[in-house]
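Read off the chains here:
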Amino acid sequence: SKGIKLLMKVIESTPLMLWIFLSVIFITLYFDFRSENLYSIIYILIGFFSSPALGQLISNKINMLRSQDFIVALKLLGISDRRIILAHILRHYCLSDILFQSAYICAQVIFLDFTLSFLEYGLQNTWGNDLYNYYQNSDILPMSVQLLVVFSFTAFFFHLSKFLEERGQT
């Protein structure tokens, strides 16, 4: 447990972009991937290196709920800690955090893809590359629609997470 906490602290204390750059350099040096697969790996790494924040949120929520009456009752019934965490805490108290963090990571990936396209390292036929092409050609309407979809997606999951959080607290 201390090793995992140390790893999470190291990941949290280092900027996300540095982790991605180091990972991409390592992957390109030691593995032979096509560029399409490399981008998939980069996006997976973004999710991985963004996950310690979610892990910390869930850990704090579990520690906060540890002494609640329903947790004590479930333990007295002989239900394992794993089942309590998975079936009760994560499902009813942490689902909102998981949904919102997932939406945030998706938006972050799209804007990273836009940045890579702007630097001319982007992959064709992606949302970020489309945004860059709209920006470059001054196509305001399609760019605005695509940005509105990204922000609406994030806002939807934000409000869904707030709804689930309020429902879980009652």
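Residues numbered from 1 in each chain as written. Predicted model: local features only at pLDDT ≥ 70, side-chain atom pairs only at ≥ 80, totals over all residues. Heavy atoms only, no water.

Re the packing of helix 5 (residues 81-118) against helix 6 (residues 127-136)
Each pair of packed helices gets described by two things: the angle between the helix axes and the distance between those axes. The N-to-C vectors of helix 5 and helix 6 enclose an angle of 55°; their axes lie 7 Å apart at closest approach. The orientation of helix 5 relative to helix 6 falls into the category oblique. Here helix 5 runs over helix 6; the crossing is right-handed. On the side of helix 5, the interface is formed by Ile110, Asp113, Phe114, Ser117 and Phe118, while helix 6 contributes Trp127, Gly128, Asn129, Leu131, Tyr132 and Tyr135. Taken together, the residues of the contact of helix 5 with helix 6 sort by class into 7 nonpolar, 3 polar and 1 charged. (Axes fitted to C-alpha atoms, helices over the stretch in contact; angles between N-to-C directions. Helix = DSSP H or I, 4+ residues; strand = E, 2+ residues; numbered from the N terminus. Parallel < 35°, antiparallel > 145°, perpendicular 65-115°, else oblique. Left-handed = near helix turned anticlockwise from the far one by under 90°. Contact = heavy atoms within 4.5 Å. Nonpolar A, V, L, I, M, F, W, Y, C, P; charged D, E, K, R; others polar.)

A short note on the packing of aromatic side chains
If you walk through the whole model with that rule in mind, you get 12 aromatic pairs. With a centroid separation of 5.4 Å and an interplanar angle of 65°, the aromatic rings of Phe100 and Phe158 are classed as edge-to-face. Pair noted here: Phe100 is in helix 5 and Phe158 is in helix 7 (residues 140-169), with a separation of 58 residues, a long-range link. Taking the relative accessible area as the measure of exposure, Phe100 reaches 30% and is therefore partly exposed. Overall, Phe158 belongs to the partly exposed group, its relative accessible area being 33%. Each member of the aromatic cluster is reached from another via a ring pair, and the members are Phe114, Phe118, Tyr132 and Tyr135. (Phe/Tyr/Trp six-rings, centres within 6.5 Å; stacked < 30°, edge-to-face > 60°. Buried < 20%, exposed > 50% of the residue type's maximum accessible area, 1.4 Å probe, protein only.)

Observations concerning the nonpolar core
In summary, soluble globular proteins display a tendency toward joint burial of nonpolar side chains. Counting 17 residues, the largest nonpolar core has Ile20, Ile27, Ile42, Leu45, Ile46, Phe49 and Leu112 as the members making the most contacts within it. Listed by contribution, the elements that provide at least two residues to this core are helix 2 (16-30), helix 3 (35-65) and helix 5. A per-element tally of this core places helix 3 first, with 7 residues. Ignoring sequence-local partners within four residues, the contact set of Ile42 consists of Ile20, Val24 and Leu112. (Core = buried A, V, L, I, M, F, W, Y, C linked by side-chain atoms within 4.5 Å.)

Notes on the environment of Gly122
The residue Gly122 is located in the loop between helix 5 and helix 6 in this model. For Gly122 and Tyr39, which are 83 residues apart along the polypeptide, the C-alpha to C-alpha distance reads 8.8 Å. The residues contacting Gly122, other than those within four sequence positions of it, are Tyr39, Leu116 and Ser117.

Some points on the pattern of salt bridges
Under the counting rule described, the total for this entry stands at 2 salt bridges. Salt-bridge contacts for Asp97 lead to Lys61; the nearest nitrogen and oxygen are separated by 3.5 Å. Of this pair, Asp97 sits in helix 5 while Lys61 sits in helix 3, and the two are 36 residues apart along the sequence. When its relative accessible area of 15% is taken as the criterion, Asp97 is described as buried. Residue Asp81 pairs with Lys75 through a salt bridge whose shortest N-O separation is 3.3 Å. Looking at Asp81, the relative accessible area reads 46%, which means it is partly exposed. Accessibility expressed as a relative area gives 42% for Lys75, which makes it partly exposed. (Salt bridge = Lys/Arg side-chain N within 4 Å of Asp/Glu carboxyl O.)

Purely geometric stuff here, so don't read any function into it on its own.
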